[in-house]
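Here is how the chains run, residue by residue.
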Amino acid sequence: MTEVVKTRRDGAILEVTLDRPKANAIDLETSRLLGQTFKAFRDDPELRVAIIKTAGDKFFSAGWDLKAAAGGDAVDGDYGVGGFGGLQELRDLNKPVIACVNGMAVGGGFELALSCDLIYASDTSSFALPEIRAGTLADAATVKLPKRMPYHVAMDLLFTGRWMDVLEAHRWGLVNEVHPVSQLEERVWDVARLLADGPPLVFAAIKEVAREAEAMTFQDAMNRITKRRFRTVDELYDSEDGLEGFRAFAEKRDPVWKGR
């Protein structure tokens, strides 16, 4: 049998591939596997960037596995440490995660991509939230989508379940870049290598501040930053890397980030 969740490690980059023919749908067991994979990525000090991709060309992911649900998987069952798909509820994941989307991202598959920090997609990709047609809630997308694109467009997608092609997704800023299928993975790896060479403590601070600030006023968030009440900001300001950037600039050389 094909391994459902495959990983490939290249230096500081972890590539995670979901391979569940025919549609890369996610059942409870697969969700738990993805959660353990991303938890291990989060906790490994040698890894700095993750890529999530899927096998095949037709579906990035069809989301929740309806056949598994019909066989007994409960919608409110145990999705594992990271929630559905292993990412959207994984606490303290302060490293960049890139979605490499090729094909249809449907329902929970769309939500999996939304859980990433960057989304690069092929020119054949498309997105939809068809939960409304089944009389149920696209829960994570309902929380996230109105914050990622104009409210009225998000409501249109949620209310109608219509398809959004990749060019529309790019136009609304949901997708960073669109590439031919033959060039997509090469571009994603170029970006991953760029980030892997960047300052990991700064990335961690960016992710924590951006995440926590969603529930704060601007001034409250700024006060927490200046008073070093974010753990990652406090670590950054006391770190070797916190000085390295200034020294490298003064010495007219490239910085060497150590993550400490």
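Basis of the calculations
Sequence order as written defines residue numbering, which begins from 1 separately in each chain. Local features in this predicted model are restricted to residues whose pLDDT is 70 or higher, and side-chain atom pairs enter the listing and the counts only when it is 80 or higher, whereas totals over whole chains, interfaces and linings include all residues. Each side-chain value is worked out from all heavy atoms of the structure, with water and hydrogens disregarded. Where helices and strands are cited, they refer to DSSP runs of H or I of at least four residues and of E of at least two residues respectively, numbered from the N terminus. When we talk radius of gyration, it's over C-alpha atoms, and the globule rule is simply 2.2 Å times the number of residues to the 0.38. A simple rule labels every residue: compare its accessible area, found with a 1.4 Å probe on the protein chains alone, to the largest value its type can have, and call it buried under 20%, exposed over 50%, or partly exposed in between. The method behind every accessible area is Shrake-Rupley, applied with a 1.4 Å probe, and residues are considered shielded solely by the protein chains displayed. Pairs of strands are assigned from DSSP output, requiring at least two bridges between the strands. All axes here are fitted lines through C-alpha atoms, helices being fitted over the stretch that makes contact, and every angle between N-to-C directions spans 0 to 180 degrees. Any pair of cysteine sulfurs within 2.5 Å is marked as a disulfide. These descriptions rest on fixed angle ranges, namely under 35 degrees for roughly parallel, over 145 for roughly antiparallel, 65 to 115 for roughly perpendicular, and the rest for oblique. In this scheme the handedness of a crossing depends on how the near helix is turned from the far one: anticlockwise by less than a right angle means left-handed, clockwise means right-handed. Only heavy atoms enter the contact rule, under which two residues are in contact if any of them lie within 4.5 Å. Put simply, Ala, Val, Leu, Ile, Met, Phe, Trp, Tyr, Cys and Pro go in the nonpolar bin, Asp, Glu, Lys and Arg in the charged bin, and everything else, Gly too, in the polar bin. Definition used for salt bridges: Asp or Glu carboxyl oxygen within 4 Å of a side-chain nitrogen of Lys or Arg.

**Q** Please clarify how the overall build of the chain should be interpreted in this entry.
**A** Across its full length, the chain holds 11 helices and 10 strands. Expected size for 260 residues packed as a compact globule is a radius of gyration near 18 Å; at 19 Å, the chain falls within 12% of this value. Counting across all 260 residues of the chain, residues that qualify as buried make up 49%. Of the roughly 13,700 Å² of accessible surface on the chain, 54% is carried by carbon and sulfur atoms.

**Q** Would you take a moment to explain the sheet that holds strand S3 (residues 49–54) for this structure?
**A** Pairing between the strands of a sheet comes from backbone hydrogen bonds, and it takes one of two forms, parallel or antiparallel. Taking strand neighbours across the sheet as the criterion, the six strands line up as S1-S2-S3-S5-S7-S10 in an open arrangement whose pairing is mixed. Each having just a single partner strand, strand S1 (5–10) and strand S10 (177–179) make up the two edges of the open sheet. Neighbour-to-neighbour, the strand axes of this sheet turn through a mean angle of 20°, independent of strand direction. The pairing of strand S7 (residues 118–122) with S10 spans three bridges and is parallel.

**Q** Looking at this structure, how should I read the state of the cysteines?
**A** A disulfide bridge is the covalent bond that connects two cysteines by way of their sulfur atoms. Tallying each qualifying case throughout the model produces zero disulfides. Of the cysteine sulfurs around Cys-100, a residue in no disulfide, the closest is that of Cys-116, at 10 Å. Using a relative accessible area of 7% as the deciding quantity, one classes Cys-116 as buried.

**Q** Even after reading the chapter, I still don't get the packing of helix H4 (residues 139–148) against helix H5 (residues 151–160), so can you show me in this structure?
**A** What describes two packed helices is the angle between their axes and the distance between those same axes. Running from N to C, H4 and H5 point in directions that differ by 150°, and their axes come no closer than 8 Å. The orientation of H4 relative to H5 falls into the category roughly antiparallel. Relative to H5, H4 is oriented so that their crossing is right-handed. Of H5, the residues touching H4 (which contributes Ala-141, Thr-142, Leu-145 and Pro-146) are Tyr-151, Ala-154, Met-155, Leu-157 and Leu-158. Taken together, the residues of the contact of H4 with H5 break down into eight nonpolar, one polar and no charged.

**Q** Just checking my understanding: could you explain unusual backbone geometry for this structure?
**A** A negative phi angle is the norm for most residues apart from glycine, just as the trans form is the norm for most peptide bonds. Here the bond from Pro-21 into Lys-22 is cis, since omega is 5°, no more than 30 degrees from zero. As for its position among the elements, Lys-22 is in the loop between strand S2 (13–18) and helix H1 (28–43). Phi is positive for Asp-92, which is not a glycine, with a value near 60°. Within the secondary structure, Asp-92 sits in the loop between helix H2 (66–70) and strand S5 (97–101). Relative accessible area serves as the criterion here: at 39%, Asp-92 is assigned to the partly exposed category.

**Q** Even after reading the chapter, I still don't get the pattern of salt bridges, so can you show me in this structure?
**A** A side chain of one charge can pair with a side chain of the opposite charge if their charged atoms are brought near each other. Applying the stated criterion to the full structure yields 21 salt bridges. The shortest N-O distance in the salt bridge between Arg-20 and Asp-27 comes to 3.5 Å. Asp-27 shares its class with Arg-20; the two are buried. For Asp-190, the salt bridge identified is with Arg-193, shortest N-O distance 3.7 Å. Placement of the pair is Asp-190 and Arg-193 together in helix H7 (residues 181–196), with a separation of three residues, close to one helical turn. Taking the relative accessible area as the measure of exposure, Asp-190 reaches 38% and is therefore partly exposed. Within the structure, one salt-bridge network assembled from shared partners comprises Lys-39, Arg-42 and Asp-43.

The analysis is restricted to geometry; functional conclusions fall outside its scope.
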